[in-house]
Amino acid sequence: MSKKHHYESGKFYWAFLLPQYWGIWIAIVFLMLLAILPWAIQHRLATFLGNVAFKRLKSRRKTTVRNLEVCFPEWTAEQVQDNARQVFVDMMIGVFETLNAWYSPQWFKGRVTVEGLEHIQNAQAEGKGILLLGTHSTLLDAGGYLCAQYFEPDVVYRPQNNPLLDMLIYRCRGTIYKAQIDHDDMRGLIRHLKEGDAIWYSPDQDFGLKQGVMAPFFGTPAATVTAHRRLLKISKAVAIPLYFYRHGDIKNPQYRVLIEPAVDNLPSTDELDDAIRVNKIIENQLRIAPTQYMWFHRRFKTRPEGYEKIY
């Protein structure tokens, strides 16, 4: 949330009833109605909207195409275009999946399986906090809901600039996550780790080199955050890779939560080696369902002197 608002996340204020917020209230009611539509209609709407977004959002489309060209050089130009379009469709499908997780969670009943849950259970039995190394998935909060069927996850979030929208999203997420931690609240994040919580954390975006290093991502140097090393060191928590994705027939989709063993010796004494290892974990996750990732972010935007520009 922008600091100028001074609103507490999740709290209702009478000011939210003013005319300036009526449009958001109407939109929320509309979204709730979309959540009760049959999946066949939701999927068709998502496909239509995804194709429209792919056509209209030219800058995002170019970024997505370029990212896929760099990360999947084995794909033909046609494959790149087809998969780039599917990224936008999957993003829109993810919006409906998130609406289902918020307002119609029974839709997921019988559709979710998990692999590797013992890795979280073992760490928690030892009283250790867990940093769940994941990605910015197009499933959005639906992914959190999938995890919540097996354990209690926390999430790191960025408050919305609009205080009413922030309140509504915070409350919806409150039905999924044990705790929501502001991305600027490092003390809170460390406290939750020390208390033994499992926190979904995605170190997969380019935030420059103030708190990161250049490390290969799909074979191309990329600014890679290393803040999680400090979190793990201070809290004595363990890092466990987490991935969730949709699979099977889209008319009757299934969902899988994949939990891998804790990463050995993380953090080590070598910051670059740690960044390389974490990037490799993320690469392996993304290869499972490549189009269910937010490729429209400029993953390679930071290019120090001597590095070829990507965009």
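Before reading further, recall that the structure is shown in the block above.
Keep in mind that this is a model prediction, so the values were computed, not measured.

*Asks:* Is there a simple way to think about the pairing of strand E8 (residues 238-247) in this case?
*Replies:* As a general feature of sheets, a regular strand has side chains that alternate between the two faces. Where burial is concerned, most of E8 is hidden: 9 out of the 10 residues are buried. The pairing of strand E2 (residues 130-133) with E8 spans 4 bridges and is classified as parallel. Within E8, the residue paired with Leu-131 across the bridge is Ala-239. The hairpin formed by E8 and strand E9 (residues 254-259) contains 6 residues between the paired strands, and Gly-248 there has a positive phi angle of roughly 85 degrees.

*Asks:* What am I meant to see in the packing of helix H2 (residues 39-56) against helix H4 (residues 77-103) here?
*Replies:* With their axes 8 Å apart at the nearest point, H2 and H4 run at an angle of 135 degrees to one another. Looking at the two axes, H2 sits oblique to H4. At the point where H2 passes H4, the crossing takes the right-handed sense. Across the interface between the two elements, Trp-39, Gln-42, His-43, Leu-45, Ala-46, Thr-47, Leu-49, Gly-50, Asn-51, Ala-53 and Phe-54 of H2 pack against Gln-81, Ala-84, Arg-85, Phe-88, Val-89, Met-92, Ile-93, Phe-96, Glu-97 and Asn-100 of H4.

*Asks:* For this particular structure, what's the right way to read the nonpolar core?
*Replies:* It is characteristic of soluble globular proteins that their nonpolar side chains tend to be buried jointly. In this structure, Leu-131, Phe-217, Leu-286 and Trp-295 are the most contacted members of the largest nonpolar core, which totals 45 residues. Considering every element that reaches this core, the biggest residue donor is H4, with 5 residues. Residue contacts for Trp-295: discarding those within four places in its chain leaves Thr-63, Thr-64, Asn-67, Leu-68, Cys-71, Phe-72, Val-87, Phe-217, Phe-218, Leu-286 and Pro-290. Counting residues in hydrophobic clusters, the runner-up holds 38 residues, among them Leu-34, Ile-120, Tyr-177 and Trp-200.

*Asks:* Sorry, what's going on with the sheet that holds E2 here?
*Replies:* In any sheet, the strands associate via hydrogen bonds between backbone groups, in a parallel or an antiparallel arrangement. The strand order E1-E9-E8-E2-E5-E3-E4 describes an open sheet built from 7 strands, whose pairing is mixed. Edge positions in the open sheet fall to strand E1 (112-115) and strand E4 (179-182), since each of these has one partner strand only. Put simply, the sheet's adjacent strands are angled 25 degrees from each other on average, direction ignored. Note: strand E3 (residues 153-157) against E4, 4 bridges, orientation parallel. The residue bridging Val-156 from the neighbouring strand is Ile-181, located in E4. Against the sheet, helix H10 (residues 271-286) touches E2 and E8, its axis set at about 15 degrees to E8.

Cut-offs and rules
Residues numbered from 1 in each chain as written. Predicted model: local features only at pLDDT ≥ 70, side-chain atom pairs only at ≥ 80, totals over all residues. Heavy atoms only, no water. Buried < 20%, exposed > 50% of the residue type's maximum accessible area, 1.4 Å probe, protein only. Helix = DSSP H or I, 4+ residues; strand = E, 2+ residues; numbered from the N terminus. Pairing = 2+ DSSP bridges. Axes fitted to C-alpha atoms, helices over the stretch in contact; angles between N-to-C directions. Parallel < 35°, antiparallel > 145°, perpendicular 65-115°, else oblique. Left-handed = near helix turned anticlockwise from the far one by under 90°. Contact = heavy atoms within 4.5 Å. Core = buried A, V, L, I, M, F, W, Y, C linked by side-chain atoms within 4.5 Å.

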